[in-house]
Amino acid sequence: MARRSFVAGNWKMNKTPEEARALALDLRTRLNSYAKCDVAVCPTNLCITTVVEALRGSSIAVGAQNVFWEKSGAYTGEISAPMVVASGCQYAIIGHSERRQYFGETDATVNKRIKAALTARLKVIACVGETKEERLSNVTQQVVKRQVAAALDGLTAGDMALITIAYEPVWAIGTGLNATPQQAQEVHAFIRDLVRAKFGAAVADAVRIQYGGSVKADNAKDLLSQPDIDGALVGGASLAAKDFEAIVKAAK
Ligand code: PEP
């Protein structure tokens, strides 16, 4: 089945509102008439409304980098899925490895955040991936299986229309060490099999699985031409409009 490619930029904790606006406008100029692939950018919460405004009416969607599972209340420092939707976002990244590594995110809290995002009708980019130690210990599949099972726990086949899975080996994020196309393809096919076992062939064939981890203009084509790699979640290279444009244009 032909799946439409999806490339998302995770701006992480970068860009002031003014810088975010400039980057969004630059991307808008470069990609606005580009219809071959779905594109989203995920600025900081502080910059969401600025970027939504800059991209209004364009083909580039906006996402948040996380959402909390309650709708409102005494949760200092958090924002909720309905707030993100009300600010003009269509997507939320959930379970990024930096959240797991530095902010105590667990498989269980990832699942709660995903469910809250789905309730608000946000599209979710659910991140999974093994650490370097786990890969070296040959437990990549076990780890990814546990993370995927937890992330999708309690979801229905209908919910899966709003889910993209991002396979991001932790050892490849921000390190310049990308997985080889073969290494990535192997895990992507494994993830698709997990989805097939849980939800059946139609859902597995339709779900998009992005690769993330040091995707750059010069390695994007090889990675994105693999049969089970349906796009990319891009960190560092999404901060320069020219680099991100090249990655989007490398998507099949
Ligand atoms: C990411 O943070 O999702 C990511 C893939 O980062 P980078 O592209 O910088 O490795």
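To keep things clear, this report deals only with the structure shown in the data block. For clarity, every value in this text was computed on a predicted model and none was experimentally measured.

**Remarks on helix α1 (residues 17-31)**
Reasoning step 1: Helix length check: α1, at 15 residues, gives a terminal C-alpha distance of 21 Å against a target of 21 Å (1.5 Å per residue), a fit within 8%.
Reasoning step 2: Along α1, the positions that sit buried rather than exposed are Ala20, Leu23, Ala24, Leu27 and Leu31. Summarising the axial view, the buried residues of α1 lie within an arc of 100°, below the 170-degree limit, and thus occupy one face. Away from its buried face, by an angle of more than 90 degrees, α1 presents the exposed residues Glu18 and Thr29.
Reasoning step 3: Turning to α1, the residues buried within the fold contact β2 (38-42), α2 (48-55), β3 (60-64) and α11 (241-250).

**Some thoughts on the pattern of salt bridges**
Reasoning step 1: Applying the stated criterion to the full structure yields 18 salt bridges.
Reasoning step 2: We note a salt bridge from Asp107 to Arg146, for which the minimum N-O separation is 2.7 Å. Residue Asp107 is found in helix α5 (residues 107-119), and its partner Arg146 is found in helix α7 (residues 140-152); the two are separated by 39 residues along the sequence.
Reasoning step 3: Judged by its relative accessible area of 43%, Arg146 is partly exposed.

**So, the packing of α7 against helix α8 (residues 181-199)**
Reasoning step 1: In the contact formed by α7 and α8, the axes pass within 10 Å of each other and the chain directions differ by 40°. Taken together, the axes of α7 and α8 are oblique relative to one another. α8 is crossed by α7, and the crossing has right-handed handedness. Along the contact surface, α7 presents Thr140, Gln141, Val144, Lys145, Val148 and Leu152, while α8 presents Val187, Phe190, Ile191, Leu194, Val195, Lys198 and Phe199.

Thresholds applied
- Residues numbered from 1 in each chain as written.
- Predicted model: local features only at pLDDT ≥ 70, side-chain atom pairs only at ≥ 80, totals over all residues.
- Heavy atoms only, no water.
- Helix = DSSP H or I, 4+ residues; strand = E, 2+ residues; numbered from the N terminus.
- Expected span 1.5 Å × (residues − 1).
- Buried < 20%, exposed > 50% of the residue type's maximum accessible area, 1.4 Å probe, protein only.
- Arc of directions from axis to C-beta.
- Contact = heavy atoms within 4.5 Å.
- Salt bridge = Lys/Arg side-chain N within 4 Å of Asp/Glu carboxyl O.
- Axes fitted to C-alpha atoms, helices over the stretch in contact; angles between N-to-C directions.
- Parallel < 35°, antiparallel > 145°, perpendicular 65-115°, else oblique.
- Left-handed = near helix turned anticlockwise from the far one by under 90°.

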